[in-house]
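Overview (structure and organization)
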Amino acid sequence: MRLAPDQLERFDSDGFLILPELFTAEEVGILCAELDTLFAEDCPQNFRETESGDVRTAMGLHLRNTIYARMVRHPRLLEPAMQILGDDRLYIQQVKVNAKVAYSGEVWQWHYDFATHHNEDGVPEPLALNLHVLLDDVSEFNGPLWFIPGSHKGGPAPAELDTTTTSYPLWCVENDTVSTLAAKRGIVSAKGPAGTALIFGDCLLHGSPPNMSPWNRRIYSLIVNPITNAYTKELRADHLHHRGISPVTPLDDDCLLSAVAA
Ligand code: SIN
Ligand code: MN
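Residues numbered from 1 in each chain as written. Chains lettered and ligands numbered in written order. Predicted model: local features only at pLDDT ≥ 70, side-chain atom pairs only at ≥ 80, totals over all residues. Heavy atoms only, no water.

Below, the discussion takes up the sheet that holds strand β3 (residues 55-59). Strand order in the open sheet made by the seven strands is β1-β11-β6-β13-β4-β3-β2, with antiparallel pairing throughout. Each edge of the open sheet is held by one strand with a lone partner, namely β1 (16-19) and β2 (46-48). Strand-to-strand twist across the sheet, computed as the mean angle between neighbouring axes with direction ignored, equals 15°. Judged from the five bridges that link them, strand β6 (residues 129-134) and strand β11 (residues 197-201) form a sheet pairing that is antiparallel. Counterpart to His132 in the pairing with β11 is Leu198. Across the face of the sheet, helix α5 (residues 75-85) comes into contact with β4 (90-100), β6, β11 and β13 (217-226) while running at roughly 150° to β6. (Pairing = 2+ DSSP bridges. Helix = DSSP H or I, 4+ residues; strand = E, 2+ residues; numbered from the N terminus. Axes fitted to C-alpha atoms, helices over the stretch in contact; angles between N-to-C directions. Contact = heavy atoms within 4.5 Å.)

Below, the structure is given as structure tokens:
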């Protein structure tokens with residue numbers, strides 16, 4: 001799949017793209033059908049909410065499940081990433097589903113991913129791309145991602161490690177910085193029906209509010225990074241930043257459907 005020139009321009013100026021209907025309801029159903037089993041596992045890859053104990057993020061999924069082993073090689077995500085980066089030698093850095101259970105899903109504080117990738121993993125440059133697929137309908141109510149358009153343009157903002165707000169340690173940005181960046185172009189709420197994809201870069205400021213709605217919110221996330229920009233520190237567990245840096249190759253477009261037909 002190729003992005004059109006106007007989409008590439010928008011990605012450059014906004015720092016993100018929202019691609020409605022990139023995956024069909026049938027494909028989303030195939031991905032969701034695996035989650036109850038994966039979320040039930042008691043393992044370090046499953047981070048649970050402090051309050052409810054529900055799974056907040058389930059990581060390393062391509063190493064735990066054959067459907068997700070295909071999903072990390074899906075051409076509808078990998079080909080646009082290769083096109084944006086002008087590089088077809090990308091490795092799989094992180095694979096997860098972030099969940100926000102109805103009424104209890106907790107916040108993701110304001111942050112940009114490169115702060116963690118650089119400080120924890122020694123990634124040299126903010127080139128990694130975060131490729132999301134909404135697995136539930138995401139509205140203003142159930143904890144959508146919030147993006148600050150153009151916030152990547154000033155480069156990495158000051159960030160501090162927050163180990164207390166949630167169960168997931170995250171390098172976060174102070175409110176003053178958020179206010180300054182949001183004053184320029186506001187905030188966009190990344191909403192859409194299940195199957196919508198989001199692509200965003202490593203310096204884009206983002207976060208998401210708690211889910212006090214009656215509707216669950218699950219989002220698949222694949223982070224890819226050029227092999228030439230690989231980690232230089234191995235402080236974090238493999239599921240937080242995978243060590244294997246062999247190039248990922250796209251499968252056929254029907255790779256999810258053929259997995260269940262087989
Ligand atoms: C979220 O699931 O709301 C946060 C996702 C992210 O930071 O990539
Ligand atoms: Mn993030």
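There's plenty left to go through after this.
Consecutive side chains along a regular strand alternate between the two faces of the sheet. Buried residues dominate β11, accounting for five of its five residues. Burial along β11 is two-sided: the face carrying Ala197, Ile199 and Gly201 and the face carrying Leu198 and Phe200 are both buried. As judged from the four bridges shared by β1 and β11, these two strands associate in the antiparallel manner. Bridging from a neighbouring strand, Phe16 pairs with Phe200 of β11. (Buried < 20%, exposed > 50% of the residue type's maximum accessible area, 1.4 Å probe, protein only.)

Moving on, we come to the coordination of the manganese ion (ligand 2). Protein-derived coordination of the manganese ion (ligand 2) comes from His111 (NE2), Asp113 (OD) and His206 (NE2), at a distance range of 2.1 to 2.2 Å. Taken in chain order, the donor set of the manganese ion (ligand 2) reads H-x1-D-x92-H. Here the residue Asp113 occupies a position in helix α6 (residues 113-121), and His206 occupies one in strand β12 (residues 206-208), the gap between them amounting to 93 residues. (Donors = N, O, S within 2.8 Å, 3.2 Å for Na, K, Ca; no water.)

We now examine helix α1 (residues 5-14). All buried positions along α1 are accounted for by Gln7, Phe11 and Asp14. Projected onto a plane normal to the axis of α1, the buried residues spread over an arc of 90° and lie on a single side. Exposed and facing more than 90 degrees away from the buried side of α1 are Pro5 and Glu9. At its buried positions, α1 is contacted by β1, α5, β6, α7 (175-185) and β11. Once α1 finishes, Gly15 follows within two positions and takes phi at roughly 90°, a positive value. (Arc of directions from axis to C-beta.)

Taken together, the neighbourhood of ligand 1 is formed by Asn98, Trp108, His111, Asn130, His132, Leu145, Phe200, His206, Ser208 and Arg217. A distance of 3.4 Å separates an oxygen atom of ligand 1 from a polar side-chain atom of Asn130. Arg217 is positioned with one of its side-chain polar atoms (N or O) 2.7 Å from an oxygen atom of ligand 1. When isolated, ligand 1 has an accessible area of 260 Å², and the protein chains bury 97% of it. At the level of secondary structure, the elements contributing two or more residues to the shell around ligand 1 comprise β5 (108-111), β6 and β12. Residues of the shell around ligand 1, tallied by class, amount to three nonpolar, six polar and one charged. (Near = heavy atom within 4 Å. Polar contact = N/O pair within 3.5 Å; in protein donor to acceptor, adjacent residues only side chain to side chain. Areas by Shrake-Rupley, 256 points an atom, 1.4 Å probe, with all protein chains shown as cover. Nonpolar A, V, L, I, M, F, W, Y, C, P; charged D, E, K, R; others polar.)

If you walk through the whole model with that rule in mind, you get eight aromatic pairs. Note on Phe47 and Tyr168: the rings are 5.1 Å apart at their centroids and 70° apart in plane angle, and the pair reads as edge-to-face. Here Phe47 is found in strand β2, whereas its partner Tyr168 is found in the loop between β8 (160-162) and β9 (170-172), with 121 residues between them in sequence. Side by side, Phe47 and Tyr168 carry an identical accessibility label, which is buried. Plain terms: the ring middles of Trp108 and Tyr168 are 5.2 Å apart, the flat faces sit at 55° to each other, and that makes the pair tilted. Taken together, the positions of Trp108 in strand β5 and Tyr168 in the loop between β8 and β9 put the pair 60 residues apart, joining distant regions of the chain. (Phe/Tyr/Trp six-rings, centres within 6.5 Å; stacked < 30°, edge-to-face > 60°.)

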